[in-house]
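Reading the structure
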Amino acid sequence: MERFAQEIAQHLSVVLGRPCTPSDLDLPPDPTMGDFAFPCFRLSKERRKAPPAIAKEIAVELTNLPAGIEVESAGPYVNFRIAGDRLAQELLKDLLDPERAYAKLPADSRSTWIIEASSPNVAKHLQIYHLRSTAHGAALHRIAKYRGFRAILINHLGDWGTQYGKLAVAFDMFGSELAGRRPTVSDLVDFYVRFHQEEEKNPALADQAREAFRKLEAGDPEIRKLWEEFRETSIREFQKSYEKLDVHFDEIRGESAYIPDVPPLMEDLRKKGLLVLSEGAWVVPVADLAGKDIPPCILQKQDGATLYATRDYAAAIYRFHRYAFHRMSYIVGAEQKLHFEQLFLVLKKAGHDWVDRCEHIPLGLYRFRGAKMSTRKGNFTTLEAVLAEAKERAHEVIQKREHSIPPEELDAIAEAVSLGAVLFHDLSTDPSKDVEFDLDRVVDFDGETGPYLQYAHTRCLSILRKAQDSGILKELQVPFHSESAKLLQAPQELALLKTLGHFSLHLERTLQYSKASHLSSYLIDVVRAFNIFYRECRVLSDSEDLSRARLGCVQATRTILKTGLSLLGIPTPNRM
Ligand code: ARG
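Structure report, in brief.

About the criteria used
Residues numbered from 1 in each chain as written. Predicted model: local features only at pLDDT ≥ 70, side-chain atom pairs only at ≥ 80, totals over all residues. Heavy atoms only, no water. Pairing = 2+ DSSP bridges. Helix = DSSP H or I, 4+ residues; strand = E, 2+ residues; numbered from the N terminus. Axes fitted to C-alpha atoms, helices over the stretch in contact; angles between N-to-C directions. Near = heavy atom within 4 Å. Polar contact = N/O pair within 3.5 Å; in protein donor to acceptor, adjacent residues only side chain to side chain. Areas by Shrake-Rupley, 256 points an atom, 1.4 Å probe, with all protein chains shown as cover. Nonpolar A, V, L, I, M, F, W, Y, C, P; charged D, E, K, R; others polar. Contact = heavy atoms within 4.5 Å.

Here we come to the sheet that holds strand β3 (residues 77–82). Taken in spatial order, the 3 strands make up an open sheet running β1-β3-β2, and their pairing is antiparallel. Every interior strand has two partners, whereas the edge strands, β1 (36–39) and β2 (69–74), have only one. Pairwise comparison of adjacent strand axes, ignoring direction, gives a mean angle of 20 degrees for this sheet. Of the pairings in the sheet, the one linking β1 to β3 comprises 4 bridges and is antiparallel in character. Counterpart to A37 in the pairing with β3 is N79.

Further remarks concern the site of the ligand. For the ligand, the full set of nearby residues is E116, S119, N121, H156, Y308, D312, Y330, V332, Q336 and F340. E116 places a side-chain nitrogen or oxygen 2.7 Å from a nitrogen atom of the ligand. Within the side chain of Y308, an N or O atom sits 2.7 Å from a nitrogen atom of the ligand. Its free accessible area being 350 Å², the ligand has 85% of it covered by the protein chains. Considered class by class, the residues forming the shell around the ligand number 4 nonpolar, 4 polar and 2 charged.

Attention shifts here to the sheet that holds strand β5 (residues 150–157). Sheet strands pair via backbone hydrogen bonds, and the direction of the pair is either parallel or antiparallel. The strand order across the open sheet formed by 5 strands is β6-β5-β4-β10-β11, and the pairing between neighbours is parallel. Among the strands making up the open sheet, the edge pair consists of β6 (251–254) and β11 (358–363). Averaged over all neighbouring strand pairs, the angle between strand axes comes to 25 degrees, with direction disregarded. Strands β5 and β6 of the sheet are contacted by helix α9 (residues 221–244), whose axis makes an angle of about 135 degrees with β5. Of the strands in this sheet, β4 (112–116), β5, β6 and β10 (327–333) are in contact with helix α11 (residues 308–323), which crosses β5 at around 155 degrees.

The quantities given are spatial measurements derived from coordinates; they are silent on function.
What follows is the structure in structure tokens.
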């Protein structure tokens, strides 16, 4: 469909006398009105007319549209419709092209986009809420790459701060319990909790912790070594989860890496007259866009120690120098809204005008519903525990539905289904909204869930297999055949093809709004269109040509589902 949109945009450019792109076109709310709509509201100033009159004019001026594209004005819109035969021919040809992934653009053909996601704190477990940022960021990263951006996924590890001073003291107190073995993240969490218990009885521990952190900042080799161990232990554990989720970062860089950058940056702010000493710390006063003061951004304690914001300030500047990005998205919880507001304002005040390319994508929380999570695993909100629980549930559901799956395959399928369930549930929720997590609903095969989509994919596959068994297909690949494609004229067939053809448009929108939920709901629409097609049109019909053409629709559906799901990070098992 992108190609048709391009043709239309080109002709509109000529008529309007200025460049027009496919992104200027909308989808009509009702598909019977056409396949693309050009809204005329914005033109009413320059043409000094009401939008409906402009729409009429433009429809008339568009005299030499290519064959197969019909135009008609409807109220304030100019609507375009692609004729059925062109649609079936060209779309199906592209969709079935075995050489080219559908709607994929050449690598690095577009601008540089930094996506910062996950960014957990070391010496803690990944929690289920980390999935939001991790899954969302990784999905945007995959989609951006697929669509030709030079996309860079960064993990901004929280590995600096006074808590590591506390942990060092705690390690001194309890480390001998490990009897020489390496600590796990659970050990570190346990030590940290016990430190706080001890601290209540013995307040002097707080001073010791401060002193330990001061030493760490000063580069004391002994404490530094300990800290490195905490850090590496954590990264190793995080990596296991990232691998399970198929998430690969281009850069994993901790907050600690920015400490050396801080002195010259502070000097620069001082020279620019932006720093003020307030309550024992150096701050930059900031006002929001409406001119109202918001809390100042605290950048340095009087003893020289850096803060969370300081490290973020340095990181932004580092990234701009390193990548010259055109866009940077921070996928971080909504509770950090003020932090990013302050950060962006300080960057602006310091003259880093590229800050206008930065955005914070605020995330909602996780809420557990139904509370059927077993607590026997103790800390049941860790990512690992939730995934394990979901896998158990998927096992049960699959076994109930399908008895013919050999046990040796069952485990891998349950793994894929549970990942699909949890990931899709998260990614189909608008990122700014809270995720209502109810395991029964998440793993349900019949709702608008991950397993529902995965299942639709396996259905397409089994139809193709059946066709192969009955000899209609030589292999599990439907060749494009121009004459049979012409037979696809039923409204359900054309509606399905159009929906599939809008894949690129929905990928673009997903990126435009930084919302993976957009792609998720598109994939649900694909399955809906497929179900209607499958119900109304017999795929294996008496005419071999028609069967082939319809099998083409099935394969195209499979391709879009598989590609779309894998962009979301969701595996597509071959049976379930
Ligand atoms: N490590 C932080 C936390 O767990 C999140 C970091 C978000 N990213 C950033 N650039 N500040 O709360």
